[in-house]
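Summary of the model geometry
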Amino acid sequence: MKYKSTRNKELKLTSAEAIKKGLSDDGGLFVPEQFPRLKKADFAALAEKTYIERAKFILKKFLTDFTDKEISACVEGAYGTGSFGSDKVAPLIKINDSEYILELWHGPTCAFKDMALQILPYFMTTSMKKTGENKTVVVLVATSGDTGKAALEGFKNVDGTNIIVFYPSDGVSDMQKLQMITQEGNNVAAYGIRGNFDDAQNGVKKIFTDDKIIKELDEEGFVFSSANSINWGRLVPQIVYYISAYCDMISGGEIENGEKINICVPTGNFGNILAAYYAKKMGLPVNMFICASNKNDVLTDFIRSGEYDRNREFYQSISPSMDILISSNLERLLFDVSGKDDKKISELMQKLAKDGKYAVTKTMHNRIGKQFWAGCCDDYFTKVRIWKTFAEDGYTPDTHTAVAIDVYKQYVEQTGDMTKTVIASTASPFKFGGSVLSALGVEPYGKNDFEQLDLLKEKSDMDIPKSLRGLKGKKIRFGEVIESADMYGAIKKSLNIDK
Ligand SMILES: *Cc1c(COP(=O)(O)O)cnc(C)c1O
């Protein structure tokens, strides 16, 4: 299997090359040249297997340049060491006749980013070896919260790598900051930036593309890479859990093999829902994808109208990981529904960069509209939905998951479609405890983060994730806050090359 770019379909890279590079030189994203197809018998066989076995089977079909032994080592390292709590890894919880919650947050940082960022370091180091790269990889991450911590946990103590995270000092939650500044590991660092997320992101981008810095680091034996969600190595492990959820429904007697389901995903950068779409391209029987946004509803408008327009107000919401105006992974869907028209995609993306908007063709819009239904939900209705789900179904969703459940309910009301639906649950409610508590009618103000965890445990009757409880009293290793202009200095210091 070879990989091409959404902006140049003549390209032919191995998966190791695509994972190592992250982004194509033409600015496009890497996509597989075709999708492996699963047969009904494959689903039947996978239904009898564990998550780890399912992952090996599916990943092997995409990473054809990896040996079986390499795939096994990657999968076992990520999912087989107990860091996801149980061998279920991504359990499916039925909360009523039609709604099945796919819990993707049992990893070490309690958000779904772990599903990909626990395995990416293994893909990355294997890819470096396979492509003959013997330098140490320096992974730079600008984060608004969840990605930074998940990347730190994934890359900590991984030989041949260093990970350095920059976050806006006043732009992440207390719990998120505490998660990062207490990070353990011998190859990790985290710095607060005086400024906002854009300052951190721009600083990282500048360093990535600075030829002088790249050369200096090269001479010291280092090479930069990215753990950003556009990397193919982050997308491909996400395909696995949708197929796994379907297999759980077969083995649990919830559906017949071959029966269609719906999939509803709380969406930001469009990575998670795109992975579900790719699962369908492999043969997963899907009736409709339901794309859920918070008040930042650029995707809702796009799916309904065919026009993408980022020229609008940006809102900070209680589901912050979906506060986004440019959904980068949408480019991969556009490539697919355009019939792999790389010229068209380049043109649309240039328009987006220049005018902040573009419109797709009628044919492309029709193809999207047949498979995707979109809706949005503001903070008020997010909280109402948390309360209702708790009261009616006895389940406590986090704020992001609640957006998805709410949009699913809108879908049912408007279409009457009662097809069984998998709803992706992307974070533990304890990670956004303050908002969840107030939605449940428990006043969180004046309580510190750990008191809030206890209150939510009492109210929801769920266990506090060990990794969050364990932050209490942990030693602060990375309290430093720097100017964004000093980021390169901080990198040199962490790599011990600041003589
Ligand atoms: C990143 C994130 C999302 C959005 O996922 P995308 O792949 O960017 O669409 C939703 N919920 C949570 C909790 C996240 O961390």
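Now for a quick tour of the structure. (Residues numbered from 1 in each chain as written. Predicted model: local features only at pLDDT ≥ 70, side-chain atom pairs only at ≥ 80, totals over all residues. Heavy atoms only, no water.)

**Structural notes on the sheet that holds strand S6 (residues 136–142)**
Here we have 5 strands laid out as an open sheet, ordered S9-S6-S7-S8-S16, and parallel in their pairing. Lying at the two open borders of the sheet, with one neighbouring strand each, are strand S9 (222–226) and strand S16 (481–483). Within this sheet the neighbouring strands show an average axis-to-axis angle of 35°, counted without direction. Relative to strand S7 (residues 161–168), S6 is paired through 6 bridges, and the arrangement is parallel. The residue of S7 that forms the bridge with Val138 is Asn162. (Pairing = 2+ DSSP bridges. Helix = DSSP H or I, 4+ residues; strand = E, 2+ residues; numbered from the N terminus. Axes fitted to C-alpha atoms, helices over the stretch in contact; angles between N-to-C directions.)

**Regarding the site of the ligand**
As a structural note, the neighbourhood of the ligand is formed by 15 residues, with Lys113, Gly268, Asn269, Asn272 and Thr426 the closest of them. Gly268 has a polar backbone atom sitting 2.8 Å from an oxygen atom of the ligand. In this structure, an oxygen atom belonging to the ligand sits 2.9 Å away from a main-chain N or O atom of Asn272. Protein coverage of the free-state accessible area of the ligand, which is 390 Å², stands at 96%. By residue class, the composition of the shell around the ligand is 5 nonpolar, 8 polar and 2 charged. (Near = heavy atom within 4 Å. Polar contact = N/O pair within 3.5 Å; in protein donor to acceptor, adjacent residues only side chain to side chain. Areas by Shrake-Rupley, 256 points an atom, 1.4 Å probe, with all protein chains shown as cover. Nonpolar A, V, L, I, M, F, W, Y, C, P; charged D, E, K, R; others polar.)

**Focus: the pairing of strand S15 (residues 421–425)**
Taken across its 5 residues, S15 has 5 buried, putting it largely inside the fold. The two faces of S15 match: Thr421, Ile423 and Ser425 on one face and Val422 and Ala424 on the other face are all buried. Examined bridge by bridge, strand S10 (residues 261–266) and S15 share 3 bridges and lie parallel to one another. Its bridge partner lying in S15, Cys264 is registered against Ile423. (Buried < 20%, exposed > 50% of the residue type's maximum accessible area, 1.4 Å probe, protein only.)

**Some thoughts on the packing of helix H3 (residues 51–62) against helix H4 (residues 68–79)**
For the pair H3 and H4, interaxial distance at closest approach is 10 Å and the crossing angle is 140°. With respect to their mutual orientation, H3 and H4 come out oblique. Seen along the crossing, H3 lies across H4 with a hand that is right-handed. In this structure, H3 uses Tyr51, Ile52, Ala55, Lys56, Leu59 and Lys60 to contact H4, whose residues at the interface are Asp68, Ile71, Ser72, Val75, Glu76 and Tyr79. Classifying every residue of the contact of H3 with H4 by side-chain character gives 7 nonpolar, 1 polar and 4 charged. (Parallel < 35°, antiparallel > 145°, perpendicular 65-115°, else oblique. Left-handed = near helix turned anticlockwise from the far one by under 90°. Contact = heavy atoms within 4.5 Å.)

**Some words on the side chain of Asn272**
Structurally, the position occupied by Asn272 is in helix H12 (residues 271–281). Within the structure, Asn272 has its side chain in polar contact with the side chain of Tyr241 (distance 2.6 Å). Setting aside chain neighbours within four positions, we find Asn272 in contact with Leu104, Phe112, Gln238, Tyr241, Tyr242, Val265, Ala424 and Thr426.

**Observations regarding the pattern of salt bridges**
Taken as a whole and assessed by the stated rule, the structure comprises 27 salt bridges. Note that Lys281 is salt-bridged to Asp336, the shortest N-O span being 2.9 Å. Note that Lys281 is positioned in helix H12 and Asp336 in helix H14 (residues 330–337), a separation of 55 residues in sequence. By relative accessible area, which is 27% here, Lys281 ends up partly exposed. On the basis of relative accessible area, Asp336 is assigned to the buried category, the value being 16%. Of the charged contacts, one joins Lys354 and Asp355 as a salt bridge, the two residues approaching to 3.7 Å between their closest N and O atoms. Given the relative accessible area of 70%, Lys354 is considered exposed. Through salt bridges with shared partners, a single network forms among Lys149, Glu153 and Lys156. (Salt bridge = Lys/Arg side-chain N within 4 Å of Asp/Glu carboxyl O.)

Shape is all these values report; function is a separate question.
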